[in-house]
Amino acid sequence: MGDTLEFNNIHTEVKGSWNDGRLRFSKQSVVYKSHKTGKVDSIPAPELSAAQWRRVCVGHGIKLATSTGHVYRYDGFRDTDFEKISAFFKANYKVELAEKDMCVKGWNWGTAKFTGSLLSFDVNDSPVFEIPLASVSQCATGKNEVTVEFHQNDDAEVSLMEVRFYVPPNTGDDGSDPVEAFAQNVLSKADVIQATGDAVCIFKELQCLTPRGRYDIRIYPTFLHLHGKTFDYKIPYTTVLRLFLLPHKDQRQMFFVISLDPPIKQGQTRYHFLILLFSKDEELSLALNMSEDEVEKRYEGKLSKNMSGSLYEIVSRVMKALVNRKITVPGNFQGCCVRGMKGADGYSDSDEDQHDAYLERMKEEGKIREEGDGSDESEGDSDESFNPGEEDDDVPEEYDSNASVSDSEADDADSEDEGKKKKPEKKPKKVVKEKKERKPRKEKKVKDPGAPKRPMSAYMLWLNGNRERIKSENPGISVTEISKKAGEMWKQLSKDRKEEWDRKAEEAKKQYEKAMKEYRETNGSKHALILLESLYILKHFFTLCI
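Description of the structure in this document. (Residues numbered from 1 in each chain as written. Predicted model: local features only at pLDDT ≥ 70, side-chain atom pairs only at ≥ 80, totals over all residues. Heavy atoms only, no water.)

1. Describing the layout of surface pockets
In step 1: Reported here for the second largest pocket is a volume of approximately 460 Å³.
In step 2: Along the wall of the second largest pocket there are 19 residues; nearest its centre are G110, A112, F121, F165 and Y166.
In step 3: For the lining of the second largest pocket, the secondary structure elements donating two or more residues are β9 (111-115), β11 (126-132), β14 (162-166) and α2 (178-189).
In step 4: Ranked by residue count, the leading element in the lining of the second largest pocket is α2, at 4 residues. (1 Å grid on protein atoms, 1.4 Å probe; cavity = no way out; pocket = protein on both sides within 12 Å on 5 of 7 lines; lining within 4 Å. Points joined across faces, edges and corners; volume = space filled by probe spheres on them. Helix = DSSP H or I, 4+ residues; strand = E, 2+ residues; numbered from the N terminus.)

Encoded structure:
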């Protein structure tokens, strides 16, 4: 048996949506990396306390529990993977991989168990379903009832909104209310954003490009609060993927960009990026709402009690410390091959990781947009391609801090340019669009005023017979309200009464068909006489002309 076990296409559930990734078991740790977000979950081997193997909706799954109270679930294994995983756990983790069956009886009466950050509903000691409490957005109580609401995920086709639990009205050993005790167990591990206590610091009237406006940003230990004149947003730090600090093209302003997944919402609008704009000349002196000992203990030298400097530097420094993410800034391009180094477990959570899931995701979205734009272009434009040998003078190198070139490098570049042959300029192709011929409009049939009128439906016959009664019962009623009232009365009409009007409509239809048949016979003979008379007149006219 090797030192590691690795599995691809392993799924984990994130707020109702399945995310696939790669799972690796090594002697030192268990590491899972999401293909979508690039987020890495690392479980040190000494912290593993229990492991379960069970049948789930997508094959088989593993449930891991740690001594710190965390629970991890990974699905997508095959039945044949059990033996090698079980042997690996025994040899390296000293943990037994126990088989556990799920209850499929369909009962809705059982026992609720809180294990770390997981709520398990069991029937006869077999789990029916499990709820990750981190997916809970709110918990409300009623008489003998607890309602648990969930965060919504845009990637999920179907979302579970809430689950209600009935709690029997019996008091605990200490006389506490079981409903309140149940709710407190949920809220203690739920992802409910509550602004309790004072903010670490507050930045006043920051200019925000998306969502547009000026906001007061209040920094809390676990989330940041955007307070504006119209809207408020609370953003947990767990939803922050990346931080960017980028210069504006005028070199006098700076962008601070926060990438979010899931995005913040305002109605049907989704904001995947929080973009702040700062002036380089704006200075700030900031004092954190904490003692120096607390700052040192919590942030380990990343922040200090009193800070001063450029506003954008202070904001980016505070966000980096609280979110615990690196800040991506523009760098210099080097034309040498750089190989990324991985850790002992083959994974890295740094920005230099070989597989950048976030970058891959942005590339895919860019390809989709390019394909959408390219479908509207003409064929002539598609023939022109980018030539790596030709220079593009329109592209500014505003992000290259070493843009200056030495004299020797310039001479070498000139000598190389002289050796290149000048390529003939391509003439733009003219594309002539052919005008599409419009189809002639169909001529509307002219109704014959002498033809019999079509019969009315059962409802219209009933309405004509009861219109005056509706008017008398509802004085001052308008025409549209008459139709609405009549529709309601027709729906409430008994089946026998409706069948009576159906018979009348059927009789009217038969009379119409009979009258139409007679009309066609008489009208057809009239047309024949008119045609003969026209032919006789034309013949007489040509005879006179000759």
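2. Some details on the sheet that holds β14
Backbone hydrogen bonds are what pair the strands of a sheet, in a parallel or an antiparallel way.
In step 1: Taken together, the 3 strands give an open sheet; going across it, the order is β12-β13-β14, and neighbouring strands pair in antiparallel fashion. On the outer flanks of this sheet lie β12 (136-142) and β14, each paired with one strand and no other. Between one strand axis and the next, the sheet turns through 15 degrees on average, direction left out of account.
In step 2: Across 6 bridges, the pairing between β12 and strand β13 (residues 145-150) is antiparallel. Paired with A140 across the strands is T147, a residue of β13.
In step 3: The strands touched by α2 within the sheet are β12, β13 and β14, with β12 carrying the most contacts at an inclination of about 175 degrees. (Pairing = 2+ DSSP bridges. Axes fitted to C-alpha atoms, helices over the stretch in contact; angles between N-to-C directions. Contact = heavy atoms within 4.5 Å.)

3. What to know about the environment of E180
In step 1: Following the sequence through the fold, E180 ends up in helix α2.
In step 2: Residue classification places E180 among the partly exposed positions, given a relative accessible area of 38%.
In step 3: A sequence separation of 34 residues divides E180 from V146, and the C-alpha atoms of the two residues are 8.5 Å apart. (Buried < 20%, exposed > 50% of the residue type's maximum accessible area, 1.4 Å probe, protein only.)

4. Comments concerning the packing of aromatic side chains
In step 1: With the rule as written, the count across this model stands at 17 aromatic pairs.
In step 2: Three or more aromatic residues joined by ring pairs form one cluster here, namely F7, F25, W53, F77, F82, F88, F89 and Y93.
In step 3: A cation over an aromatic ring shows up here: K105 above the ring of W107, its NZ or CZ 4.6 Å from the ring centre.
In step 4: Positioned over the ring face of W501 is K504, at 4.0 Å from the centre of the ring. (Phe/Tyr/Trp six-rings, centres within 6.5 Å; stacked < 30°, edge-to-face > 60°. Lys NZ or Arg CZ within 6 Å of the ring centre and 35° of its normal.)

5. Considering helix α9 (residues 479-492)
In step 1: The terminal C-alpha atoms of α9 lie 20 Å apart, and with 14 residues this matches the ideal 20 Å at 1.5 Å per residue to within 8%.
In step 2: Those residues of α9 not exposed but buried are I482, A486, M489 and W490. Looking down the long axis of α9, one finds its buried residues gathered within 100 degrees of arc, a one-sided arrangement. Away from its buried face, by an angle of more than 90 degrees, α9 presents the exposed residues T480, K484, K491 and Q492. (Expected span 1.5 Å × (residues − 1). Arc of directions from axis to C-beta.)

6. A short note on the packing of helix α8 (residues 458-473) against α9
In step 1: Axis separation between α8 and α9 bottoms out at 10 Å; the angle between their running directions is 115 degrees. For the crossing formed where α8 meets α9, the hand is right-handed. Counting all contacts with α8, which are made through A458, Y459, W462, L463, R467, R469, I470 and K471, the residues of α9 involved are I482, S483, K485, A486, G487, M489 and W490.
In step 2: Each residue belonging to the contact of α8 with α9 can be placed in one class, and the counts come to 9 nonpolar, 2 polar and 4 charged. (Left-handed = near helix turned anticlockwise from the far one by under 90°. Nonpolar A, V, L, I, M, F, W, Y, C, P; charged D, E, K, R; others polar.)

7. Considering empty space enclosed by the protein
In step 1: One pass over the full model with this rule turns up 1 cavity of 30 Å³ or more.
In step 2: Here the largest cavity is characterised by a volume of approximately 50 Å³.
In step 3: If you list the elements that add at least two residues to the lining of the largest cavity, you get β16 (213-219), β20 (253-266), β21 (269-279) and α4 (311-323).
In step 4: Its residues assigned to classes, the lining of the largest cavity comprises 10 nonpolar, no polar and no charged.

8. A word on the sheet that holds β11
In step 1: Ordered in space as β9-β10-β11, the 3 strands form an open sheet in which the pairing is antiparallel. Only two strands of the sheet have a single neighbouring strand rather than two, namely β9 and β11. Going across the sheet, the axis of each strand differs from the next one's by a mean of 25 degrees, ignoring polarity.

9. Thoughts on the pattern of salt bridges
For side chains of opposite charge, pairing can occur when their charged atoms come near one another.
In step 1: Within this structure, the stated rule accounts for 15 salt bridges.
In step 2: Linking D125 and K113 is a salt bridge whose minimum nitrogen-to-oxygen distance equals 3.7 Å. Pair noted here: D125 is in the loop between β10 (118-123) and β11 and K113 is in strand β9, with a separation of 12 residues, a long-range link.
In step 3: The exposure class of D125 is exposed, given its relative accessible area of 52%.
In step 4: Look at K113 and you get partly exposed, because its relative accessible area is 35%.
In step 5: With a shortest N-O distance of 4.0 Å, E500 and K504 are connected by a salt bridge. Placement of the pair is E500 and K504 together in helix α10 (residues 495-545), with a separation of 4 residues, close to one helical turn.
In step 6: Its relative accessible area of 31% is what places E500 among the partly exposed residues.
In step 7: One connected set of salt bridges, linked through shared partners, spans E13, R54, K63, R73 and E130. (Salt bridge = Lys/Arg side-chain N within 4 Å of Asp/Glu carboxyl O.)

10. Focus: α2
In step 1: Relative to the 16 Å expected for 12 residues at 1.5 Å per residue, α2 spans 18 Å between its end C-alpha atoms, a close match to the ideal helical length.
In step 2: Turning to α2, its buried residues number three or more, namely V179, F182, A183 and V186. For α2, the angular spread of buried residues about the axis comes to 95 degrees, placing them on one side.
In step 3: Elements in contact with the buried residues of α2: β9, β10, β12, β13 and β14.

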